Amino acid sequence: MKPLSLLKYSLNVFLILLLAINLLKLLIVLFYFFNPDHDFFGGFSILPDEINNQPITKNNNWTTTLFGIDIISSILFIYLILKFKNLVSLLNTTDLFNFQQQKLFKNIGILLIIYAGIKWIPLFIYKNFLESSPRTVTYDFDGTGSFWFVLILGLLFTYISYAFKEARFHREENELTV
């Protein structure tokens, strides 16, 4: 199996699982917001007990807002995976260094930078405005979910977009000389 087709298949499986989990999470949250007094949850609060692996001590409007921001970042992540799937399809089927590939690299890079910011907004708000003891909140490096990793990945995709632009220019110039 070719590496790009294996990547395409893996992205399809990952996307289906991601959509199913986030759709279920969204439906449960909507049910909870429209029926907060319903005993379906047995007095259990559906709002998370932590944001980015940091414990939350209060369940109020602030934490509801933070959870909403987290859902928005999940939706943005699904959109990023769809864009990346489109990029892999373009790399697999068309000629290399075309305008669509360059544009997708740039869009994915910008979206990754935005995602890094949105993903860490709840932690920033919680750390600076809600937590009574800010020492419990850390901005450590937690692997691929790290703010810095996602930010660097976004900058890398943006740079690859620039490289594709230059390669396309040189390819077109080469075709004109022949």
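Up top is the structure these notes are about.
The structure reproduced in this document is the subject of the present report.

Definitions and limits used
Residues numbered from 1 in each chain as written. Predicted model: local features only at pLDDT ≥ 70, side-chain atom pairs only at ≥ 80, totals over all residues. Heavy atoms only, no water. Helix = DSSP H or I, 4+ residues; strand = E, 2+ residues; numbered from the N terminus. Salt bridge = Lys/Arg side-chain N within 4 Å of Asp/Glu carboxyl O. Buried < 20%, exposed > 50% of the residue type's maximum accessible area, 1.4 Å probe, protein only. Expected span 1.5 Å × (residues − 1). Phe/Tyr/Trp six-rings, centres within 6.5 Å; stacked < 30°, edge-to-face > 60°.

### Quick word on unusual backbone geometry
Point 1. Phi at F97 takes a positive value of approximately 65°, unusual for a residue other than glycine.
Point 2. Within the secondary structure layout, F97 lies in the loop between helix 2 (61-93) and helix 3 (99-130).

### Here we look at the pattern of salt bridges
If charged atoms from side chains of opposite charge come close, those side chains can pair.
Point 1. Under the counting rule described, the total for this entry stands at 3 salt bridges.
Point 2. Where D95 meets R171, a salt bridge forms, and the shortest distance between an N and an O atom there is 3.3 Å. Pair noted here: D95 is in the loop between helix 2 and helix 3 and R171 is in helix 4 (residues 147-177), with a separation of 76 residues, a long-range link.
Point 3. Among the residues examined, D95 registers a relative accessible area of 44% and is labelled partly exposed.
Point 4. Given the relative accessible area of 24%, R171 is considered partly exposed.
Point 5. The partner of R171 in a salt bridge is E175, with the nearest N and O atoms 3.8 Å apart. Remark: E175 and R171 occur in helix 4; sequence separation between them is 4 residues, near one turn of the helix.
Point 6. The network of salt bridges with shared partners includes D95, R171 and E175.

### Some points on helix 4
Point 1. Helix length check: helix 4, at 31 residues, gives a terminal C-alpha distance of 46 Å against a target of 45 Å (1.5 Å per residue), a fit within 8%.
Point 2. Along helix 4, the residues that are buried comprise V150, G154, F157, S161, F164 and R168.

### What to know about the packing of aromatic side chains
Point 1. Counted under the stated rule, the structure contains 7 aromatic pairs.
Point 2. Summarising the aromatic geometry, the rings of F14 and F77 are spaced 6.2 Å apart at their centres and angled 90° between planes, so their arrangement reads as edge-to-face. You can see F14 sitting in helix 1 (residues 3-34) and its partner F77 sitting in helix 2, a full 63 residues away along the chain.
Point 3. Overall, the relative accessible area of 34% leaves F14 in the partly exposed class.
Point 4. With a centroid separation of 5.0 Å and an interplanar angle of 65°, the aromatic rings of F97 and F164 are classed as edge-to-face. Here F97 is found in the loop between helix 2 and helix 3, whereas its partner F164 is found in helix 4, with 67 residues between them in sequence.
Point 5. Looking at F97, the relative accessible area reads 27%, which means it is partly exposed.
Point 6. Aromatic ring contacts, followed pair by pair, group F84, F97, F105, F157 and F164 into a single cluster.

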